[in-house]
Amino acid sequence: MGAQILSPTAANIELAARELLRGELVAIPTETVYGLAGLAFDPAALAKIFATKERPTFDPLICHISTPADQPDWLARLEQCGLVDVGQLKASARHEVQLLLAAFWPGPLTLVLPKQAHVPDLATSGLRTVAVRSPAHPIAQALLQAVGQPLAAPSANRFGRISPTRSNHVLMELGDRINWILEGGDCQIGVESTILFVHPQGGLTLLRPGGIALEAIASRTGLKVTTVPLEAATSDTPAVAPGLLASHYAPRKSLTLMPTLLAKLPKPDRDILFASLPKEAQLGVLFASGNSQELTRRWEADLQTMCPGGRLTALSLSEQGESTEAARNLFAALRALDEDEKIEILWAEPFPSESGLGFAINDRLRRASHR
Ligand code: TXA
Ligand code: MG
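Per chain, the residues get numbers from 1 upward, laid out in the order the sequence is written. Following the order in which they are written, the chains are lettered starting with A and the ligands numbered starting with 1. A pLDDT threshold of at least 70 governs which residues receive local features in this predicted model, and a stricter bar of 80 or more applies before side-chain atom pairs are shown or counted, although totals over entire chains, interfaces and linings include all residues. Note: side-chain values were computed over all heavy atoms of the structure, leaving out hydrogens and water.

Undergrad: Quick question: what am I supposed to make of the overall build of the chain here?
TA: If you tally the helices and strands in the chain, you get 12 helices and 15 strands. The C-alpha radius of gyration computed for the chain amounts to 21 Å, which stays within 12% of the reference 21 Å derived for 371 residues, consistent with globular compactness. By residue count, 57% of the 371 residues in the chain fall in the buried class. Pairs of residues are marked as contacts when any of their non-hydrogen atoms sit within 4.5 Å. Sequence separation of at least 24 residues holds for 72% of the intrachain contacts in the chain that already meet a minimum separation of 6. Runs of H or I in DSSP of at least four residues are treated as helices and runs of E of at least two as strands, each being numbered from the N terminus. We compute the radius of gyration from the C-alpha atoms alone; for a globule the expected value is 2.2 Å times N to the 0.38, where N is the number of residues. For every residue, the accessible area obtained with a 1.4 Å probe (protein chains only) is divided by the maximum for its type, and the residue is called buried under 20%, exposed over 50%, and partly exposed between those limits.

This is the structure we're talking about:
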């Protein structure tokens, strides 16, 4: 049986909660990307998540919890949900957690914290830490309330592939492997959560750039985040940051990430690039800014001076080159170019600024282009 897309009525949220509580998986909307959810405390459900995604078990999952309606005591909430051993955090780490969660939860921020002993090893790949987040999407929150316990949820795509930001992306990725997809519209953030490792003695290390920009963390909490890779960091951090593979978010077609904005390439360099293509090249190009139709017209004419039988389809992430809009459109645009049968080769230009969500966008483009 193929997956059924459930409109998010109260009855269907109840249905999804019942399915989860009996150990089934449900694809759910979040503000970042769609997730493939299962009970975080049920090893059989966790095993199903890994099998369904074909995900290696060394890549740990993020556990999602609800945010109570009244002003929550975050440390108590982390402890009470059964995931985090708050007692292992020194006062400065507790203070950091409180500041971060007051500023950004519910929202696209994941914290890696000491875990309670009974959290299944499958959820954490045997690490002594657990990744926790409370998603801002109202349907995800309603479902978490109805389930009444944490849900593990990786992005609802086959391992290594482009993350889904619409229900029909999930249908394409996993439609033949799961029964239920809860509809939640287009994901408003469009890239996954920012992941921070919280050092139990105090101090924060960035594990994955994402929906919350580092500038926002600095301005809203005054906290400093270290961005040196964990491999080079201190001994209380994991030896490796699991799951941060060089190749990820990958389209099926070969994607080349340009070293610079295409408009900044001098004409001779551009001609060399085009000349390296087959004469009948069918090119798809992801631009950081501009109007897709105009870019298609201009760049196809340029391509055809070198490749007379060539065709070019351009997609722009944001007309004004605005990073939050570009992040929202990134995965859908990449997927559209990947699925267009008239396109054989993909190019992308980098996002011109690493500030705001530009950092996360370029991180995804680098991994998507890695071979
Ligand atoms: O926005 C998101 O975070 C989405 C939505 C569905 O919530 N979820 C998501 O999950 O992106 P996933 O499985 O694609 O990313 C999980 C990543 C792992 O690859 C790993 O890098 C990190 O989270 N992670 C999880 N647990 C960890 C741990 N204990 N220590 C270090 N990193 C961890
Ligand atoms: Mg993922």
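Undergrad: Whenever I open this one, the site of ligand 1 confuses me. Can you help?
TA: Lining the immediate surroundings of ligand 1 are 25 residues, of which Thr 32, Arg 55, Asp 59, His 64 and Ser 193 lie closest. Here Thr 32 contributes a side-chain N or O atom positioned 2.7 Å from an oxygen atom of ligand 1. At 2.7 Å, a side-chain N or O of His 64 approaches an oxygen atom of ligand 1. For the shell around ligand 1, the secondary-structure elements that each account for two or more residues are β4 (62-64), β6 (129-133) and β10 (204-208). Top element by residues in the shell around ligand 1 is β6. It accounts for 3 residues. A molecule or strand has a residue near it when one of that residue's heavy atoms lies within 4 Å. Under the rule applied, a polar contact is a pair of N or O atoms within 3.5 Å (in protein, one hydrogen donor and one hydrogen acceptor; residues adjacent in sequence only if both atoms are side-chain atoms).

Undergrad: Just checking my understanding: could you explain the side chain of Thr 30 for this structure?
TA: Within the fold, Thr 30 resides in the loop between β2 (26-28) and β3 (35-39). In this structure the side chain of Thr 30 is engaged in a polar contact, spanning 2.7 Å, whose partner is the backbone oxygen of Val 33. Of note is the side chain of Thr 30, whose polar atom sits 3.0 Å from the side chain of Arg 133. When near neighbours in sequence (up to four residues on either side) are disregarded, Thr 30 contacts Arg 133, Pro 135, His 137 and Cys 187.

Undergrad: What am I meant to see in the environment of Pro 251 here?
TA: Looking at the secondary structure, you find Pro 251 in the loop between β11 (225-226) and β12 (255-257). Separated by 74 residues in the primary sequence, Pro 251 and Arg 177 place their C-alpha atoms 20 Å from one another. Excluding its chain neighbours within four sequence positions, the residues that come into contact with Pro 251 are Arg 161, Ile 162, Asp 338, Leu 346, Ala 368 and Arg 371.

Undergrad: I'm lost on the packing of helix α4 (residues 91-104) against helix α8 (residues 214-221) in this one. Help?
TA: To describe two helices that pack against each other, one gives the angle between their axes and the distance between the axes. Note on geometry: axes are lines fitted to C-alpha atoms, helical ones only across the stretch in contact, with angles between N-to-C directions running from 0 to 180 degrees. At their nearest, the axes of α4 and α8 sit 10 Å apart, and the two run at 110° to each other. Taken as axis vectors, α4 and α8 run roughly perpendicular relative to one another. Contacts from Leu 99, Leu 100, Ala 103 and Phe 104 in α4 reach Ala 216, Ile 217, Arg 220 and Thr 221 in α8. Only Asp, Glu, Lys and Arg are considered charged in this grouping, and only Ala, Val, Leu, Ile, Met, Phe, Trp, Tyr, Cys and Pro are considered nonpolar; every other residue, Gly among them, is considered polar. Of the residues assigned to the contact of α4 with α8, the class counts are 6 nonpolar, 1 polar and 1 charged. Here the angle decides the label: under 35 degrees means roughly parallel, over 145 means roughly antiparallel, 65 to 115 means roughly perpendicular, and every other value means oblique.

Undergrad: What is the right way to look at the pattern of salt bridges in this model?
TA: Any two side chains of opposite charge can pair, so long as their charged atoms come close to each other. A carboxyl oxygen of Asp or Glu within 4 Å of a side-chain nitrogen of Lys or Arg is what we treat as a salt bridge. With the rule as written, the count across this model stands at 20 salt bridges. As a salt-bridge pair, Arg 158 and Glu 173 come within 3.7 Å of each other at their nearest N and O atoms. Taken together, the residues Arg 158 in the loop between β7 (151-152) and α7 (167-174) and Glu 173 in helix α7 connect sequence positions 15 residues apart. Residue Arg 158 is classed as partly exposed on the basis of its relative accessible area of 22%. The salt bridge partner of Arg 367 is Asp 363, with a shortest N-O separation of 2.8 Å. With Arg 367 and Asp 363 both in helix α12 (residues 358-369) and 4 residues apart, this pair spans about one turn of that helix. Each member of the pair, Arg 367 together with Asp 363, is buried.

Undergrad: Please clarify how α12 should be interpreted in this entry.
TA: Each full turn of the α-helix corresponds to 3.6 residues, which orients residues three or four apart in the same direction. Working rule for helices: expected span equals 1.5 Å times residues minus one. Taking 1.5 Å of rise per residue, the 12 residues of α12 would be expected to cover 16 Å, and the 16 Å separating its terminal C-alpha atoms lies within 8% of that figure. For α12, a buried count of 10 out of 12 residues is recorded, marking the element as mostly surrounded by other parts of the structure. Of the surrounding elements, those touching the buried residues of α12 are β10, β12, β13 (282-287), α11 (323-339) and β15 (345-348).

Undergrad: Just to check I follow, could you spell out the packing of aromatic side chains for this structure?
TA: Pairs of aromatic rings are described using the distance from one ring centre to the other and the angle between the two planes. A pair of Phe, Tyr and Trp rings is counted when the ring centres sit within 6.5 Å of each other, with Trp represented by its six-membered ring. The angle between the planes then sorts it: under 30 degrees is stacked, over 60 is edge-to-face, the rest tilted. Evaluation of the coordinates by the stated rule reveals 5 aromatic pairs. Ring centres of Phe 274 and Trp 299 lie 6.4 Å apart, and the angle between their planes is 70°; this geometry places the pair in the edge-to-face category. A residue pair is termed long-range when its members are at least 10 positions apart, and Phe 274 in helix α9 (residues 267-275) and Trp 299 in helix α10 (residues 292-306) qualify at 25 residues. In this pair, the class of Phe 274 matches that of Trp 299, namely buried. Aromatic pair Phe 287 and Trp 299: ring centres 5.6 Å apart, planes at 50°, arrangement tilted. One end of the pair, Phe 287, is in strand β13; the other, Trp 299, is in helix α10, and 12 residues separate them in sequence. For the pair Phe 287 and Trp 299, one class covers both residues: buried. Here the aromatic residues Phe 274, Phe 287, Trp 299 and Trp 347 are joined through ring pairs into a cluster of three or more.

Undergrad: Hey, could you run me through the nonpolar core in this one?
TA: In summary, soluble globular proteins display a tendency toward joint burial of nonpolar side chains. Put simply, buried Ala, Val, Leu, Ile, Met, Phe, Trp, Tyr and Cys residues joined by side-chain atoms within 4.5 Å make one nonpolar core. The biggest cluster of nonpolar side chains holds 49 residues, and the ones touching the most others in it are Leu 78, Leu 83, Val 97, Leu 100, Leu 111 and Leu 196. Of all the elements in the fold, those that place two or more residues in this core are α2 (43-53), α3 (74-80), α4, β5 (109-114), β6, α7, β9 (194-198) and β10. Examining the composition of this core, we find that 6 residues originate from one element, α4, more than from any other. Val 191, Ala 213, Leu 357 and Leu 365 belong to the second largest nonpolar core, which has 26 residues in total.

Undergrad: What is the right way to look at the pairing of β15 in this model?
TA: Consecutive side chains of a regular strand alternate in pointing toward one face of the sheet and then the other. Here β15 shows no split at all, with Ile 345 and Trp 347 on one side and Leu 346 and Ala 348 on the other all buried. In the sheet, β13 pairs with β15 via 4 bridges, with the strands oriented parallel. Looking across to β15, one finds that Leu 283 is bridged to Ile 345. Being paired, for any two strands, means DSSP has found at least two bridges between them.

Any functional reading would require information that these geometric values do not contain.
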